[in-house]
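Close look at the chain arrangement
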Amino acid sequence: QVQLVESGGGLVQPGGSLRLSCAASGFTFSNYAMTWYRQGTGKERELVATITSNGGSTNYRDSVKGRFTISRDNAKNVVYLQMNSLIPADTGVYSCKARAPGGAGVWFEYWGRGTQVTVSS
């Protein structure tokens, strides 16, 4: 049974930090690129950060560069998102996605249910 379970969300004041985790099971985690997305209330979902299957390359949306860091531990089947210098605009439900090619144009894709992050004083 494939599962992605996010944790680490909560309420934090502006300027604070949170570390999100996404624990994977039921598939070969080390074969999958991992991506964090977020969706604020009434807003479209947006890509926050992505990391390749071996962790060798990362990419971030411009608004979080220098503040957020994505990393992974393939031995533990976990991907992390370290978020520093948080601002109210970072508020939203943060979800992780696993994606890998299956050959012949087919992609395998799995989603977690998300964890709420609220940045407010």
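Attention here is on the structure that accompanies the text. (Residues numbered from 1 in each chain as written. Predicted model: local features only at pLDDT ≥ 70, side-chain atom pairs only at ≥ 80, totals over all residues. Heavy atoms only, no water.)

1. Regarding the overall build of the chain
Counting its secondary structure elements, the chain contains zero helices and eleven strands. Helices and strands in the chain line up, N terminus first, as β-β-β-β-β-β-β-β-β-β-β. For 121 residues, the compact-globule formula gives about 14 Å, and the C-alpha radius of gyration of the chain, at 14 Å, lands near that figure. Each of the three principal axes of the chain carries a C-alpha extent, and together these read 50 × 30 × 25 Å. In the chain, buried positions account for 37% of the 121 residues. (Helix = DSSP H or I, 4+ residues; strand = E, 2+ residues; numbered from the N terminus. Rg over C-alpha atoms; globule rule 2.2 N^0.38 Å. Buried < 20%, exposed > 50% of the residue type's maximum accessible area, 1.4 Å probe, protein only.)

2. Comments concerning the pattern of salt bridges
Across all of its chains, the model carries seven salt bridges by this definition. One salt bridge in this structure joins Glu-46 and Arg-38, with 2.6 Å as the shortest N-O distance. For Arg-61, the salt bridge identified is with Glu-46, shortest N-O distance 3.5 Å. Taken together, the residues Arg-61 in the loop between strand 6 (58–60) and strand 7 (68–73) and Glu-46 in strand 5 (residues 46–51) connect sequence positions 15 residues apart. Judged by relative accessible area, which is 26%, Arg-61 ranks as partly exposed. Here the salt bridges share partners, and the residues they tie into one network are Arg-38, Glu-46, Arg-61, Arg-67 and Asp-90. (Salt bridge = Lys/Arg side-chain N within 4 Å of Asp/Glu carboxyl O.)

3. Details of the packing of aromatic side chains
Throughout the structure, instances matching the rule amount to four aromatic pairs. Centre to centre, the rings of Phe-27 and Tyr-110 are 5.1 Å apart; their planes meet at 45 degrees, and the pair counts as tilted. Of the two residues, Phe-27 sits in the loop between strand 3 (18–25) and strand 4 (33–39) while Tyr-110 sits in strand 10 (residues 106–111), which places them 83 residues apart along the sequence. Classification of Tyr-110 by relative accessible area gives partly exposed; the value is 22%. A ring pair is formed by Tyr-37 and Trp-111, whose centres lie 4.9 Å apart and whose planes are at 45 degrees; its orientation type is tilted. Of this pair, Tyr-37 sits in strand 4 while Trp-111 sits in strand 10, and the two are 74 residues apart along the sequence. The class of Tyr-37 is buried, set by a relative accessible area of 13%. (Phe/Tyr/Trp six-rings, centres within 6.5 Å; stacked < 30°, edge-to-face > 60°.)

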